[in-house]
Amino acid sequence: MIGIDVVSIKRIEKMYEKFGNKAYQKYLNDDEIKLIKKVETAAGFWAAKEAASKALACGIGEECGFHDIIISKTAKNAPLITFSQKVIDNFSIKSAHLSITHDTGFAIAVVALEKN
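Residues numbered from 1 in each chain as written. Predicted model: local features only at pLDDT ≥ 70, side-chain atom pairs only at ≥ 80, totals over all residues. Heavy atoms only, no water.

Novice: How would you summarise the overall build of the chain if you had to cite specific residues and measurements?
Specialist: Along its length, the chain carries five helices and five strands. In terms of C-alpha radius of gyration, the chain reaches 13 Å, essentially the compact-globule figure of 13 Å for 116 residues. Considering only C-alpha atoms, the chain reaches an extent of 40 × 25 × 25 Å along its principal axes. Taking all 116 residues of the chain together, the buried fraction comes to 41%. Summed over its atoms, the accessible surface of the chain is roughly 6,600 Å², and 53% of this surface lies on carbon and sulfur atoms. Taking the average location of the 16 positive side-chain charges in the chain and that of its 14 negative ones, the two points are 4 Å from each other. (Helix = DSSP H or I, 4+ residues; strand = E, 2+ residues; numbered from the N terminus. Rg over C-alpha atoms; globule rule 2.2 N^0.38 Å. Buried < 20%, exposed > 50% of the residue type's maximum accessible area, 1.4 Å probe, protein only. Areas by Shrake-Rupley, 256 points an atom, 1.4 Å probe, with all protein chains shown as cover. Lys, Arg positive; Asp, Glu negative; His and termini not counted. Charge placed at Lys NZ, Arg CZ, Asp CG, Glu CD.)

Put into structure tokens, the structure is as follows:
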């Protein structure tokens, strides 16, 4: 299963300017927020979580919320994606892969999932 999402970096920037850290808390956990050094990263994380929900074919909602999708980084700063145990079990996820990029005002993420 593959999911892709694109988001305007300006949209995430405006959301942060209006609501501060509460904007990030809506879709990121504390460890994810610590990884954000610039708004492009936050936008990439938003796109990654939306792409993951599309790969699951359920969207963000009751079956899989923003906080059920966890973004981290490798020692080489590559993005990693994992899921809550609930999502892993309900969707039979065997492995997950994530790519994030941003340029000229947009962040794009692609998620590929392999199911059992």
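From this point, things continue past the structure.
Novice: Run through the pattern of salt bridges, naming residues and quoting values.
Specialist: The final tally for this structure, using the stated rule, is six salt bridges. With its nearest N and O atoms 3.7 Å apart, the salt bridge here joins Glu-114 to Lys-94. Highlighted residues: Glu-114 in strand β5 (residues 106–115) and Lys-94 in strand β4 (residues 93–103), separated in sequence by 20 residues. When its relative accessible area of 54% is taken as the criterion, Lys-94 is described as exposed. (Salt bridge = Lys/Arg side-chain N within 4 Å of Asp/Glu carboxyl O.)

Novice: Describe the pairing of β4, with residues and values.
Specialist: Alignment of β4 against β5, held across 10 bridges, turns out to be antiparallel. Residue Ser-95 lies in a different strand from β5, and its bridge partner there is Glu-114. Between the antiparallel neighbours β4 and β5 lie two residues, among them Thr-104 with a positive phi of about 40°. (Pairing = 2+ DSSP bridges.)

Novice: Could you give an account of the pairing of strand β3 (residues 79–83), with specific residues and numbers?
Specialist: Bridge count between strand β2 (residues 69–73) and β3: five bridges; the pairing is antiparallel. Paired with Ile-69 across the bridge in β3 is Phe-83.

Novice: Can you break down the sheet that holds β5 residue by residue, with the values?
Specialist: The three strands lie next to each other as β1-β5-β4, forming an open sheet whose pairing is antiparallel. If you trace the sheet from one side to the other, it starts and ends with β1 (2–8) and β4, each paired once. With strand direction ignored, the average angle separating the axes of adjacent strands in the sheet is 15°. Across seven bridges, the pairing between β1 and β5 is antiparallel. Within β5, the position partnered with Val-7 by the bridge is Ala-107. Packed on one face of the sheet, helix α1 (residues 9–19) meets β1, β4 and β5 and runs near 65° to β1. Strands β1, β4 and β5 of the sheet are contacted by helix α4 (residues 39–55), whose axis makes an angle of about 35° with β5. (Axes fitted to C-alpha atoms, helices over the stretch in contact; angles between N-to-C directions. Contact = heavy atoms within 4.5 Å.)

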